[in-house]
Amino acid sequence: MVGWILKKILGSKNQRELKRLMPIVGRINEFDEQFKSLSDEVLKAKTATWKEELAKIPELDDQWKRLDEILPEAFAVVKNAARRLKDRQHTFTVCDQPMTWDMVHFDVQLLGGIVLHRGRIAEMATGEGKTLVATLPLYLNALTGRGAHLVTVNDYLARRDAEWMGQLYNFLELTVGCIQHDQEPDVRREQYAMDITYGTNSEFGFDYLRDNGMATTREQQVQRGYYYAIVDEVDSILIDEARTPLIISGPATISTHQYDKWKPLIEQLVRKQNMLCNRLASEALEKFEQGDVETGGRLMFKVKLGQPRNKQLLRMMEDPDKRRAVDKAELSFYQDTRKEELFALKEELFFTIDEKSNEADLSEQGRNFLNPDDPNAFVLPDLINEFTEIDLDPSLPQEEKDKKKAERQQHCDAQAERIHNISQLLRAYCLFEKDVQYVIEENKVVIVDEFTGRKMPGRRWSDGLHQAVEAKEGVQIDRETQTLATITIQNYFRLYQKLAGMTGTAETEAAEFHDIYKLDVNVIPTNRPVARKDHNDRIYKTRREKYNAVIKEIRDCHTREQPVLVGTVSVEASELLSRMLKREKIPHNVLNAKFHMQEAEIVSRAGQPGTVTISTNMAGRGTDIKLGASVPDRGGLYVIGTERHEARRIDRQLRGRCARQGDPGSSRFYVSFEDDLMRNFGAADRMTRIMERFGLEEGQELEHRWLNKSVETAQKRVEQRNYLIRKRTLDFDDVMNMQREVVYTYRNETIDSEEPRTLIYEVIDEAVPAKVQEYLTAGRDEEPNYTGFLNWVNTTFPLGLTKEKAQFDTRTVDENAQFLIGKIKDAYERKSSHEEPTAVKSLERYIILNAIDRLWQEHLYAMDALREGVYLRGYAQKDPLIEYKTEAYDMFVELMANIKNEVLHNLFRSTSNLQAFENFLATLPQFLLREHAPAASAANAPARGRQLQPVGAMAAVAGDGDGAGEMTLDLPIRRSMPKVGRNEPCPCGSGKKYKNCCGRVA
Ligand SMILES: Nc1ncnc2c1ncn2[C@@H]1O[C@H](COP(=O)(O)OP(=O)(O)OP(=O)(O)O)[C@@H](O)[C@H]1O
Ligand SMILES: [Mg+2]
């Protein structure tokens, strides 16, 4: 009852709204009448005049106001042009088929056009000519020059409609384009540049993702904004397709196979090391018992380096005396004078583990163990020297040189990857303990929050560590591909300033359109009264009985030459029917929405006498079915539905395939109690009771209009449920959507920026103080970590600061930040002054984009996992959405900070090209001299090539730590290795070996 009243009100609301639009239709027709006397030229000229006028209006809102004003006249221009084409019997080809223009907009079509222009959904029955309706608002909105889009369900329809309606646009001197799946970016860009562009939702969506998530320059982007879109078959696109997001995925950046490959060896290595450490620990204990505290402490320290979680060690550490002995040993080893000894000590182990910095390093022994034939497999090659040698080789032509360099570079990268994998595995084995840092659940590694002890399903350690732990535990390692970019259809279409839609069936989903897209539905009356007869459903006990009845009905139609269109809900069902028909020797066509163009052609002939066409619900949608000459007398096209779909909308769509434009036609659905809908949601019980009462026999059917209602109630229930699911998906995606917007905006800002350096400086201004804060703010039980900070500074920037020079402890945190920012910018200015300005700009953009892309992809991956994970928490009485939101927010904050840190990290490690890099190196000695000995002049600069050597030497000297020279160089590590021996102390003064410090892989 309530529903009925509601419908009355809604119905009359719709009528009232349409009534208000009727005068506009009148005005359009008046203009059309006037225009009849105009010459083609004068009519066409209106397009250019309006375009010019609108181009002068800067604000979009004002442009819209103006569009509203000119709407009647502009629509009339389109209608008038259509008439001219019809009068001339204009012929053309559409998808290689000859055609003649035969349409002039009906009044209801004008009405539909106004509704579309207003950013609403026009529900117009199938066959009412929505394709033509769209020409009106597309023409009008394209006048702004911002690009109007028409979205179709498949490539074939996009092309058909662009070519078909293109006749009208071209006549009016507007350009029209069409996006097809196989187009290259250049072609796509041209299509988007047109006034009007047709294409499918996925092509539009993917282009958006590629433009915003992957293109690195403006030139690579193909779209030019999201101004106005009309979505054809809007229910299908915004509701049915909305369940699966668009995803661009690519191969995972981390090669997971390596973890598998190295696992057995690392396992052995760890076992060996543990045995060694156990032995050392026992020895230490003995020494302590003998009273040799010093040796004991030394041995314990060694265990600490090799196996920080060694049980005996931990037990000994509980004894204050022994603990003191270890601390003493540690302290003494870190003294400058004993550095050599420390290295020797480390070399006695297979690898060392630094718990604090969470790092693991192989020793010579360890490398030998892993690859006795080639211990160098775990050392980065001396690339710069190799390059120099290649360059200096006079026998090699330039081409050959480049090739060789590329090879060496590749080799170096592979090496770096291997080292990274091994070091992650070592960490996984030595620093991460099952049931402490993580647990295994359902064959997954689940991180345990170290502060709360709470499991964090879905979270992943980054940088390959998670995979390493997975390899260690023998659970499934990460999938191979990863999401590079993703968006839901809903969120893509929300980008548009104005969105409109059209379909034959929107009314049942009006609430969803309103809630999610702010789209209201207007139902437009048909041009001619609908003559279709919708029969009551026929209901059977079993599927078998149902199909038998369908086949019998088809045979009857076939005999009397009435065409039948049989709709199925699945490909499986259409194949079953097809087999049954073959047995009956009834010729028929089967369509599965696979080959749109061919299927469209078959469907278009489905109205010929005696044809039988079986089709799933999307197949051939959008294609007109014209009736054969004798068919109207035989009752027109007969549509048989073999099952009620979950959504009423889809059933209405199917019925609408017949009786188009006032044609005769009829429809009937066949239902059985075994159908999914009836079993799961139907009032099956009630129906069974009815059947029993009526004493339904084998093969007998039920038919009553009350029963139709029961079926519809079941459908409404499913619709409601599906809506909630979609809404939920969207709630989740909204979180991601906000993040995506921030990231994409930042990305585009970077791409568009004329002065990318300002962006780089912004990063410095924000990230450096954060780091200073992190290291130097004294916490409750923490001292400012000056050494750590200095170390970070020196491994990130080539400032060569020493403790004495930096004097961080004499300044406040803010002062330190300012001090450092000044130094960094200064150094950066110098670095880039040696490079070609445009190249530097691209490089700067690249540094930011690269950081964004790499980390954003990792983030997407983690978000995916988080989303899967939070559902598990649903059991713990927590709302997964809230959990998801909170964690996603934290992860996002972390992401943004990481992006900035990565930019800092790469700032001095990148050059615009090798040449520039060498130039940079070449000028460095002068720079050093200039900085510290102003007398030296540029003339001192030695010839290029030779200089590589001095730089390294300088760096080594400079870093000796006592102010001999301040400038040390943190070279781009992947590309170069300055001439410091790998086992020599690092020039940065950290006390570590060079290879373990600045000479390490980033
Ligand atoms: N104003 C008109 N005058 C004459 N014929 C028209 C007119 N408008 C549309 N038609 C014809 O109606 C048929 C159906 O048009 P169209 O395919 O655009 O319908 P539709 O509303 O998009 O249907 P569907 O819901 O199936 O996609 C076409 O053959 C077209 O030529
Ligand atoms: Mg259509």
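### So, the packing of aromatic side chains
And then number 1: Per the counting criterion, the structure on display carries 23 aromatic pairs.
And then number 2: Ring plane angle 45° and centroid distance 6.4 Å describe the contact between Tyr169 and Tyr198, whose orientation is recorded as tilted. Of this pair, Tyr169 sits in helix H6 (residues 155–171) while Tyr198 is found in strand E6 (residues 196–200), placing the two residues 29 residues apart along the sequence.
And then number 3: Judged by relative accessible area, which is 1%, Tyr198 ranks as buried.

### Some points on the nonpolar core
And then number 1: Trp101, Leu138, Tyr198, Leu238, Phe493, Phe513 and Leu820 are the most contacted members of the largest nonpolar core, which has 160 residues in total.
And then number 2: Look past the residues within four positions of Phe513 in its chain and what remains in contact with it is Ile121, Val234, Asp235, Leu238, Ile239, Ala506, Lys518, Leu519 and Val521.
And then number 3: If you look at the next biggest cluster of nonpolar residues, it comprises 53 residues, including Leu299, Phe301, Ile422 and Val475.

### A word on the site of ligand 1
And then number 1: Taken together, 19 residues lie around ligand 1, and Val104, Lys130, Thr131, Asp624 and Lys626 are the ones closest in.
And then number 2: Between ligand 1 and Gly127 there is a distance of 2.8 Å, counted from an oxygen atom to a backbone nitrogen or oxygen.
And then number 3: Residue Thr131 places a side-chain N or O atom 2.4 Å away from an oxygen atom belonging to ligand 1.
And then number 4: Expressed as a share of its isolated accessible area of 630 Å², the protein-covered part of ligand 1 is 91%.
And then number 5: By residue number, the principal contributor to the shell around ligand 1 is helix H5 (residues 130–142), which donates 3 residues.
And then number 6: The class makeup of the residues in the shell around ligand 1 is 6 nonpolar, 6 polar and 7 charged.

### A closer look at the environment of Phe35
And then number 1: Along the chain, Phe35 falls in helix H1 (residues 2–35).
And then number 2: Residues Phe35 and Lys79 lie 44 residues apart in sequence; the distance between their C-alpha atoms is 9.9 Å.
And then number 3: Not counting residues within four places of it along the chain, the set of residues in contact with Phe35 comprises Leu43, Lys46, Glu73, Ala76, Val77, Asn80 and Arg84.

### Here we look at the pairing of strand E2 (residues 97–100)
And then number 1: As paired elements, strand E1 (residues 91–94) and E2 share 4 bridges and run antiparallel to each other. Each residue of the ladder has a partner; that of Thr93, found in E2, is Pro98.
And then number 2: Hairpin remark: E1 followed by E2, antiparallel, with 2 residues in the connecting loop; positive phi at Cys95, about 45°.

### Comments concerning the pairing of strand E11 (residues 438–441)
And then number 1: Examined bridge by bridge, E11 and strand E12 (residues 444–448) share 4 bridges and lie antiparallel to one another. Each bridged residue has a counterpart across the sheet, and for Val439 the counterpart in E12 is Val446.
And then number 2: The turn linking E11 back onto E12 is made up of 2 residues, and Glu442 within it adopts a positive phi angle of 50°.

### Thoughts on helix H3 (residues 60–87)
And then number 1: The largest bend along H3 measures about 60° and falls at Leu71, with the proline Pro72 one to four residues further on.
And then number 2: Downstream of H3 by a residue or two, Gln89 has a phi angle that is positive, lying close to 50°.

### Quick look at the pattern of salt bridges
And then number 1: Under the criterion given, the structure shown has 56 salt bridges.
And then number 2: Here Asp32 and Arg83 are joined by a salt bridge, their closest N and O atoms 2.8 Å apart. Taken together, the residues Asp32 in helix H1 and Arg83 in helix H3 connect sequence positions 51 residues apart.
And then number 3: Of the residues examined, Arg83 reaches a relative accessible area of 19% and is grouped as buried.
And then number 4: Taking the shortest distance from any N to any O, the salt bridge between Glu601 and Arg605 comes out at 3.4 Å.
And then number 5: Classification of Glu601 by relative accessible area gives partly exposed; the value is 42%.
And then number 6: Through salt bridges with shared partners, one network takes in Lys13, Glu17, Arg120 and Asp520.

### Describing a negative patch on the surface
And then number 1: There is a patch of like negative charges on the surface, built from Glu399, Glu400, Asp402 and Glu407.
And then number 2: Looking at the element boundaries, Asp402 is found in helix H17 (residues 398–431).

Rules behind the numbers
- Residues numbered from 1 in each chain as written.
- Chains lettered and ligands numbered in written order.
- Predicted model: local features only at pLDDT ≥ 70, side-chain atom pairs only at ≥ 80, totals over all residues.
- Heavy atoms only, no water.
- Phe/Tyr/Trp six-rings, centres within 6.5 Å; stacked < 30°, edge-to-face > 60°.
- Helix = DSSP H or I, 4+ residues; strand = E, 2+ residues; numbered from the N terminus.
- Buried < 20%, exposed > 50% of the residue type's maximum accessible area, 1.4 Å probe, protein only.
- Core = buried A, V, L, I, M, F, W, Y, C linked by side-chain atoms within 4.5 Å.
- Contact = heavy atoms within 4.5 Å.
- Near = heavy atom within 4 Å.
- Polar contact = N/O pair within 3.5 Å; in protein donor to acceptor, adjacent residues only side chain to side chain.
- Areas by Shrake-Rupley, 256 points an atom, 1.4 Å probe, with all protein chains shown as cover.
- Nonpolar A, V, L, I, M, F, W, Y, C, P; charged D, E, K, R; others polar.
- Pairing = 2+ DSSP bridges.
- Bend = angle between axes of the 7 residues up to and from the residue.
- Salt bridge = Lys/Arg side-chain N within 4 Å of Asp/Glu carboxyl O.
- Patch = residues over 30% accessible without salt bridge, like charges linked within 9 Å, V, L, I, M, F, W, Y side chains within 5 Å.
- Lys, Arg positive; Asp, Glu negative; His and termini not counted.
- Charge placed at Lys NZ, Arg CZ, Asp CG, Glu CD.

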